[in-house]
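Tertiary structure, described
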Amino acid sequence: MNIFSKLLACLSLLSVVVIVPPAFAQENDEVTVYSYRQPFLIKPLLEAFTAETGIKTNFLFAKKGLLERVEIEGRNSPADVILTVDIGRLTQAVRQGITQPVISAVLEGNIPAIYQDPEGHWFGLTRRARVVYASKNRVRENEISYEDLADPKWKGRICIRDGQHAYNVALFAAFLEHHGRAKTKKWLEGVRDNLARSPVGNDREQVKAVFVGECDIAIGNTYYLGVMQTNDEKPEQKEWADSVRILFPTFENGETHVNLSGMVMAKHAPNRENAQKLMEFLSSEKAQQLYAQLNFEYPVGEDVPWSLRTRSWGAFEADGIALETIAKNRKPASRLVDEVDFNR
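Let me begin by describing the structure that accompanies this report. Each chain carries its own residue numbering, running from 1 in the direction its sequence is written. For this predicted model, a pLDDT threshold of at least 70 governs which residues receive local features, and a threshold of 80 or more governs which side-chain atom pairs are given and counted, while totals over whole chains, interfaces and linings are taken from all residues. Excluded from the side-chain calculation are hydrogens and water; included are all heavy atoms of the structure.

In this analysis a 1.4 Å probe is tested at points of a 1 Å grid over the protein atoms alone, and where it fits but cannot get out there is a cavity; an open set with protein on both sides within 12 Å along at least five of seven lines is a pocket; lining residues have an atom within 4 Å of a point. Grid points are joined across faces, edges and corners, and a volume is the space filled by probe spheres set on the points. Estimated volume of the largest pocket: approximately 730 Å³. Along its surface, the largest pocket is lined by 28 residues, and Y36, Q38, Y167, Y223 and Y224 are the ones closest to its centre. Secondary structure elements with two or more residues in the lining of the largest pocket: helix 2 (39-53), helix 6 (166-193), helix 7 (203-211), helix 8 (222-229) and helix 9 (236-242). Numbering of helices and strands runs from the N terminus, with a helix taken as a DSSP run of H or I at least four residues long and a strand as a DSSP run of E at least two residues long. Ranked by residue count, the leading element in the lining of the largest pocket is helix 8, at three residues.

Take a look at the structure:
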């Protein structure tokens, strides 16, 4: 390749990074949202924000790669606010250097300290509990602990998704904080030995496995049950959901593991003022209630009521371990998953 050809290739690559798509050409009264959360969950909230403030919202959804995209776009990124799930992704965004701190009395007042970054880089919006889906017909227990999942009485009776999935790694990281490495390793070996099959599928498929009798209990997030119970497009999922009930496992302290959906402000947000307004709106009681109704999650706000459906599942006390601690424990927890060959 001659020098001229190399120059053209470099200019071509540069253009991919710096050219802002026409759909995100920046205007004054707008804000651009990059989201790992699906459009049907987020758009009603954005529409409510626009109705209240007059600020237009641009929206980009992707199942993966958004954080990397923001990093590549750099100073030319149109992203103002990034919405994502799991404390791991929230802290990953901070580590990648694509966030900026937000100092807001509104956010601090709406979101308990345990669900926000001490330096203001990330803020939780909703909580989801990691629970047990128990067969209504084959499980008599009304209470269970996370520690119990390693009890031999459950041998061949448990289903779970990939042990390296973010939701499970967060749970294992919390267990690690409560019990230390040696006990966590032994516990993971016990849970592994109690599995009815190799970890596979998503949380909904674990409910299906209970429905067809492949296992008696399964591990999953609370909100999936609500999504299945109301799924008119796939009514078979209503049958799956009707076959189980939720048990809220606890650690020895009597508290249940929770994870977050949350938000960050992009480091180079072109519309910083509007971005902060959107973040404050999303943290409001109005928005949290709307989110709870749409996706059957638990608000982070202590005084925001749960939806009727989530209340019907029962009550729980959220584990008080700082989510920052869970995030720090993710790597050692992930290593233990491989060490015990959890996914065999």
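Next comes the rest of the write-up.
Glancing now at the environment of Q92. Assignment of secondary structure puts Q92 in helix 4 (residues 87-95). Sequence separation between Q92 and A327 is 235 residues, and the spatial gap between their C-alpha atoms is 9.0 Å. By the convention used here, residues are in contact when the closest approach between their heavy atoms is within 4.5 Å. When sequence neighbours within four positions are dropped, the list of residues in contact with Q92 reads L67 and E68. Side chain to side chain, Q92 and Q96 meet in a polar contact 2.7 Å long. Two N or O atoms form a polar contact when they lie within 3.5 Å of each other; inside protein one atom must be a possible hydrogen donor and the other a possible acceptor, and for residues adjacent in sequence the pair counts only when both atoms belong to side chains.

Our working definition of a disulfide is a cysteine sulfur pair at a distance within 2.5 Å. Per the counting criterion, the structure on display carries one disulfide. With a sulfur-sulfur separation of 2.2 Å, C159 is cross-linked through a disulfide to C215. Between C159 and C215 the disulfide shows an S-S torsion of about -115°. By sign, it is left-handed. Remark: C215 occurs in the loop between helix 7 and strand 7 (217-221) and C159 occurs in strand 6 (residues 158-159); sequence separation between them is 56 residues. Between buried and exposed lies partly exposed: a residue is buried under 20% and exposed over 50% of the maximum accessible area for its type, with that area taken using a 1.4 Å probe on protein chains only. Given the relative accessible area of 0%, C159 is considered buried.

All right, on to the pairing of strand 9 (residues 258-266) then. For strand 9, a buried count of nine out of nine residues is recorded, marking the element as mostly surrounded by other parts of the structure. Sheet topology note: the strand 3 (residues 81-85)/strand 9 ladder contains five bridges and is antiparallel. Bridging from a neighbouring strand, V81 pairs with M265 of strand 9. Any two strands with at least two DSSP-identified bridges between them are counted as paired. Here two bridges tie strand 4 (residues 99-100) to strand 9, and the two strands are oriented antiparallel to one another. Within the sheet, the bridge partner assigned to Q100 lies in strand 9 and is M265. Inspection of the sheet shows strand 5 (residues 123-135) paired to strand 9 by six bridges, in the antiparallel sense. Residue pairing across strands places G124 opposite G262, the latter belonging to strand 9.

This next bit is on unusual backbone geometry. Even without being a glycine, D86 presents a positive backbone phi close to 85°. One non-glycine residue with positive phi stands out, namely D341, at about 55°. Note on placement: D341 falls in the segment after helix 13 (323-339). By relative accessible area, D341 is classed as partly exposed at 43%.

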